[in-house]
Amino acid sequence: MKNIFLIGMPSSGKSTLGKRIAKALHYRFVDTDKLIVRNENRSIATIFAQSGEAYFREAECRVLRTIRPGNSLVVSTGGGMPCFHDNMAYINATGVSVFLDVPVDVLVRRMVAHAQEDRPLYSPNDPELLKSLQQRYVSRLPFYSQAHIIVHGETSADDVLRQLGEWL
Ligand SMILES: Nc1ncnc2c1ncn2[C@@H]1O[C@H](COP(=O)(O)OP(=O)(O)O)[C@@H](O)[C@H]1O
Ligand SMILES: O=C(O)C1=C[C@@H](OP(=O)(O)O)[C@@H](O)[C@H](O)C1
Ligand SMILES: [Mg+2]
């Protein structure tokens, strides 16, 4: 069965919904951020601080290519993954992609509510967080918009499962 890739901005719910979707479909679940942390044996924040973003993007690119097609996997990607190298092309060639298009103000609300999460590019204390996420959203939209399926709003796992129906 085809792999399913969840893509979208940080806090859009890729990791949270991915687990629920995998359970409902009896697929296995992987989170590319978790795979990188395991391979590197250090947190995402530490990777960024010690080795820089370009290194992290290389690690993301490598880890994506270890995911083989047709493996009945739900893959939660990191927010930036589709926007670097030719990752989006790889995702679309090897699975079904779902863009969780959650409004930016909702992303901010979630980031502030869950401030302890491991996201070095975003600080819940940043007074400009909304603006910086809006800018990032605009710059990433050309990549995210290539998804096979786009789900708008504060999405539940059931919303995604309904739209996935015809693709699986
Ligand atoms: N549909 C949702 N409704 C409410 N809160 C959510 C939802 N999806 C995710 N969250 C919360 O937002 C935070 C970020 O979600 P996460 O799944 O880690 O997003 P991502 O992997 O896209 O960055 C988590 O703390 C999670 O509990
Ligand atoms: O937006 C980004 O560039 C990033 C998002 C994070 O993943 P989530 O989208 O799961 O938070 C993580 O990969 C890293 O901090 C970089
Ligand atoms: Mg995540």
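Everything numeric in this text was worked out from a predicted model, so none of it was measured.

S.K.: What's the story with the pairing of strand S3 (residues 73-76) in this structure? I'm lost.
M.R.: Walk down a regular strand and you will see the side chains alternate between the two sheet faces. Of the two faces of S3, the one carrying Leu73 and Val75 and the one carrying Val74 and Ser76 are both buried. As judged from the four bridges shared by strand S2 (residues 28-31) and S3, these two strands associate in the parallel manner. The residue of S3 that forms the bridge with Arg28 is Leu73.

S.K.: Please explain the site of ligand 1 as it appears in this structure.
M.R.: The local shell around ligand 1 holds 14 residues, among which Gly13, Lys14, Ser15, Thr16 and His114 are the closest. Counted by class, the shell around ligand 1 contains one nonpolar, 10 polar and three charged residues.

S.K.: Help me understand the site of ligand 2 in this model?
M.R.: In the vicinity of ligand 2, the residues found are Pro10, Lys14, Ser15, Asp33, Ile44, Gly78, Gly79, Gly80, Arg119, Pro120 and Leu121. For the shell around ligand 2, the per-class residue count stands at four nonpolar, four polar and three charged.

S.K.: How should the packing of helix H2 (residues 32-40) against helix H4 (residues 53-64) be read in this particular structure?
M.R.: Each pair of packed helices can be summarised by the angle the axes make with each other and by the distance between the axes. At their nearest, the axes of H2 and H4 sit 10 Å apart, and the two run at 105 degrees to each other. One element, H2, and the other, H4, form an angle in the roughly perpendicular class. Note on element contacts: H4 touches H2 through Ala59, Glu60, Val63 and Leu64, opposite Thr32, Leu35, Ile36, Asn39 and Glu40. Looking at the contact of H2 with H4, its residues break down into five nonpolar, two polar and two charged.

S.K.: Whenever I open this one, the UniProt feature "binding site: substrate" (unreviewed entry) in the chain confuses me. Can you help?
M.R.: The feature "binding site: substrate" (unreviewed entry), as annotated in UniProt, sits at Asp33, Arg57, Gly79 and Arg140 in this numbering. Within the secondary structure, Gly79 is located in the loop between S3 and helix H5 (87-94). Residue placement: Arg140 occurs in helix H7 (residues 129-144).

Rules used throughout
- Residues numbered from 1 in each chain as written.
- Chains lettered and ligands numbered in written order.
- Predicted model: local features only at pLDDT ≥ 70, side-chain atom pairs only at ≥ 80, totals over all residues.
- Buried ≥ 20, exposed ≤ 12 C-beta atoms within 10 Å, placed from the backbone.
- Helix = DSSP H or I, 4+ residues; strand = E, 2+ residues; numbered from the N terminus.
- Pairing = 2+ DSSP bridges.
- Near = placed C-beta within 6 Å.
- Nonpolar A, V, L, I, M, F, W, Y, C, P; charged D, E, K, R; others polar.
- Axes fitted to C-alpha atoms, helices over the stretch in contact; angles between N-to-C directions.
- Parallel < 35°, antiparallel > 145°, perpendicular 65-115°, else oblique.
- Contact = placed C-beta atoms within 7 Å.
- UniProt positions renumbered as here; feature names shortened; annotations may be inferred.

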